[in-house]
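The chain contents come next:
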Amino acid sequence: MTSPVVSLRGLSRRFGGPDEPPVLNGIDLDIAPGEFTALLGRSGSGKTTLLRTLAGLDPVTEGEARLPERRAVVFQEPRLLPWKSVWQNVALGLRGETAANRRKAQAALREVELSHREDAWPLTLSGGEAQRTGLARALVREPELLLLDEPFASLDALTRLRMQTLVAELWQAHRPAVLLVTHDVEEALLLADRVLVLDGGRLSADLPVDLPRPRRRALPGFNALRVKLLASLGVDEDGHDAASRAA
Ligand SMILES: Nc1ncnc2c1ncn2[C@@H]1O[C@H](COP(=O)(O)OP(=O)(O)OP(=O)(O)O)[C@@H](O)[C@H]1O
């Protein structure tokens, strides 16, 4: 087996004192090069905390984390610098607005279909355009690990569908390992090879998604996986809390 691009062993993270339960509690996880992984879990289960550790933004205080050098993150809000143009924001991924980096930024903007907005100011962009700029800024680094923290959550439904397709295409073209944090079970199944569920500080499910690509909701097996994942999140098919229904 090729060696994993990410390897976590016994990773724990606590924010409170020693009496507080840890947010992450002894996580073991390997992610293979090029693997598309989705991370689900209830609100407050620690998804962003895990993503920030993989991004190298938070220190590892308990356990071990082996991470690749080239990592890039796209957050829910695009976090663009308003005083820099679109291409200059993309070039931030490269450190330095040289002619060569400008060409790389332009190539990344072509890939996210935003060439026509290269000189625009971030405040004039739509939500979808801003997120595509964020994606271009991540891609331009040619990351081995691309971390996506609910990148479509604040977009309207149609833009969200377009962005999901774009991310699937970019992943197939560049093949970084991806960790996508999402609340959306269908989004996880449309994009990922593997879905993890975080619960009580541990990975409570690790489900392979062996559906053919391009993915569609109408594929045989899609709904069965959806129901299985919802169950591992403690929700039944209609969105009811399984525990409260059983009571
Ligand atoms: N810097 C911090 N200081 C103190 N507590 C924190 C910090 N960051 C996260 N937490 C706590 O850790 C827990 C997990 O937070 P996290 O944001 O990782 O959850 P999440 O699964 O991403 O939630 P959501 O789905 O609502 O975004 C929460 O209880 C949160 O309050």
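Nothing here was measured: the structure is a model prediction, and the numbers come from that model.

A. Up close: the environment of Arg70. Note that Arg70 resides in the loop between strand S4 (62-66) and strand S5 (71-74). For the pair formed by Arg70 and Trp171, sequence separation is 101 residues and the distance between their alpha carbons is 15 Å. When neighbours within four sequence positions are excluded, Arg70 is seen to be in contact with Arg141, Glu142, Pro143 and Glu144.

B. Spatial organisation of the domain arrangement of the protein. When the domains of the protein are assigned, the result is domain 1 (34-58 + 145-247) and domain 2 (81-142). For domain 1 and domain 2, the distance between their C-alpha centroids amounts to 26 Å. Facing the ten residues of domain 1 at the interface are seven residues of domain 2. Tallying contributions element by element places helix H5 (residues 157-174) first for the side of domain 1 that touches domain 2, with six residues.

C. Here's a closer look at the site of the ligand. As a structural note, the neighbourhood of the ligand is formed by Phe15, Val23, Gly41, Ser43, Gly44, Ser45, Gly46, Lys47, Thr48 and Thr49. Ranked by the residues each element gives to the shell around the ligand, the list is headed by helix H1 (residues 47-54), at three residues. Residues belonging to the shell around the ligand are distributed by class as follows: two nonpolar, seven polar and one charged.

D. Up close: the UniProt feature "domain: ABC transporter" (unreviewed entry) in the protein. When the UniProt feature table is mapped to this numbering, "domain: ABC transporter" (unreviewed entry) covers residues 6-225. Taken end to end, residues 6-225 is 31% helix and 25% strand, and its first and last C-alpha atoms sit 25 Å apart.

E. Expanded view of the sheet that holds strand S1 (residues 6-13). Spatially, S2-S1-S4 is the arrangement adopted by the three strands of the open sheet, whose pairing is antiparallel. Pairing within the sheet leaves two strands with one partner each, and these edge strands are strand S2 (24-31) and S4. Strand-to-strand twist across the sheet, computed as the mean angle between neighbouring axes with direction ignored, equals 15 degrees. Direction of pairing for S1 relative to S4: antiparallel, over a ladder of four bridges. Along S4, the bridge assignment pairs Ser7 with Arg66. Sheet strands touched by H1: S1, S2 and S4. Its angle to S1, the strand with the most contacts, is close to 130 degrees.

F. Representation of the confidence of the model for the protein. For the protein, per-residue confidence averages 93 on the pLDDT scale, and 97% of positions sit at 70 or higher. This prediction of the complex comes with two scores: 0.94 for pTM and 0.96 for ipTM.

G. Here's a closer look at the pairing of strand S7 (residues 177-181). When you tally the buried positions in S7, you get five out of five residues, the bulk of the element. Because side chains alternate across S7, one face comprises the buried residues Ala177, Leu179 and Val181, and the other comprises Val178 and Leu180, equally buried. Across four bridges, the pairing between strand S3 (residues 36-41) and S7 is parallel. Each bridged residue has a counterpart across the sheet, and for Phe36 the counterpart in S7 is Val178.

H. Structural view of the packing of helix H4 (residues 127-139) against H5. At a minimum axis distance of 11 Å, the contact between H4 and H5 shows a crossing angle of 15 degrees. Between H4 and H5, the angle is such that the two are roughly parallel. As H4 packs across H5, the resulting crossing turns out to be right-handed. Residues Gly127, Gly128, Gln131 and Leu139 of H4 form the contact with H5, whose participating residues are Thr159, Arg162, Met163, Leu170 and His174. Considering only residue class, the contact of H4 with H5 consists of three nonpolar, five polar and one charged.

I. Spatial organisation of H1. Burial analysis of H1 places six of its eight residues in the buried class, which makes it a mostly covered element. Inspection of H1 places Lys47, Thr48, Leu50, Leu51, Thr53 and Leu54 among the buried residues, and these make up the whole buried set. Directly beyond the C-terminal end of H1, a positive phi value near 80 degrees is found at Gly56.

J. Expanded view of the nonpolar core. Leu39, Val90, Leu109, Ala136, Leu180 and Ala188 are the most contacted members of the largest nonpolar core, which totals 59 residues. Built from parts of two domains, this core gets at least three residues from each of domain 1 (34-58 + 145-247) and domain 2 (81-142). Beyond its immediate sequence surroundings of up to four residues, Leu109 is in contact with Val86, Trp87, Val90, Leu114, Ser115, Glu118 and Ala136.

K. Representation of the sheet that holds strand S8 (residues 194-199) in the model. In spatial order, the strands read S5-S6-S7-S3-S8-S9; together these six strands make up an open sheet with mixed pairing. Pairing within the sheet leaves two strands with one partner each, and these edge strands are S5 and strand S9 (202-208). Along the sheet, successive strands turn relative to each other by an average axial angle of 20 degrees, direction set aside. Inspection of the sheet shows strand S6 (residues 145-149) paired to S7 by five bridges, in the parallel sense. Within S7, the position partnered with Leu147 by the bridge is Leu179.

What counts, and at which threshold
- Residues numbered from 1 in each chain as written.
- Predicted model: local features only at pLDDT ≥ 70, side-chain atom pairs only at ≥ 80, totals over all residues.
- Helix = DSSP H or I, 4+ residues; strand = E, 2+ residues; numbered from the N terminus.
- Contact = placed C-beta atoms within 7 Å.
- Domains from an automatic or database assignment.
- Near = placed C-beta within 6 Å.
- Nonpolar A, V, L, I, M, F, W, Y, C, P; charged D, E, K, R; others polar.
- UniProt positions renumbered as here; feature names shortened; annotations may be inferred.
- Pairing = 2+ DSSP bridges.
- Axes fitted to C-alpha atoms, helices over the stretch in contact; angles between N-to-C directions.
- pLDDT = per-residue confidence, 0-100.
- Buried ≥ 20, exposed ≤ 12 C-beta atoms within 10 Å, placed from the backbone.
- Parallel < 35°, antiparallel > 145°, perpendicular 65-115°, else oblique.
- Left-handed = near helix turned anticlockwise from the far one by under 90°.
- Core = buried A, V, L, I, M, F, W, Y, C linked by C-beta atoms within 7 Å.

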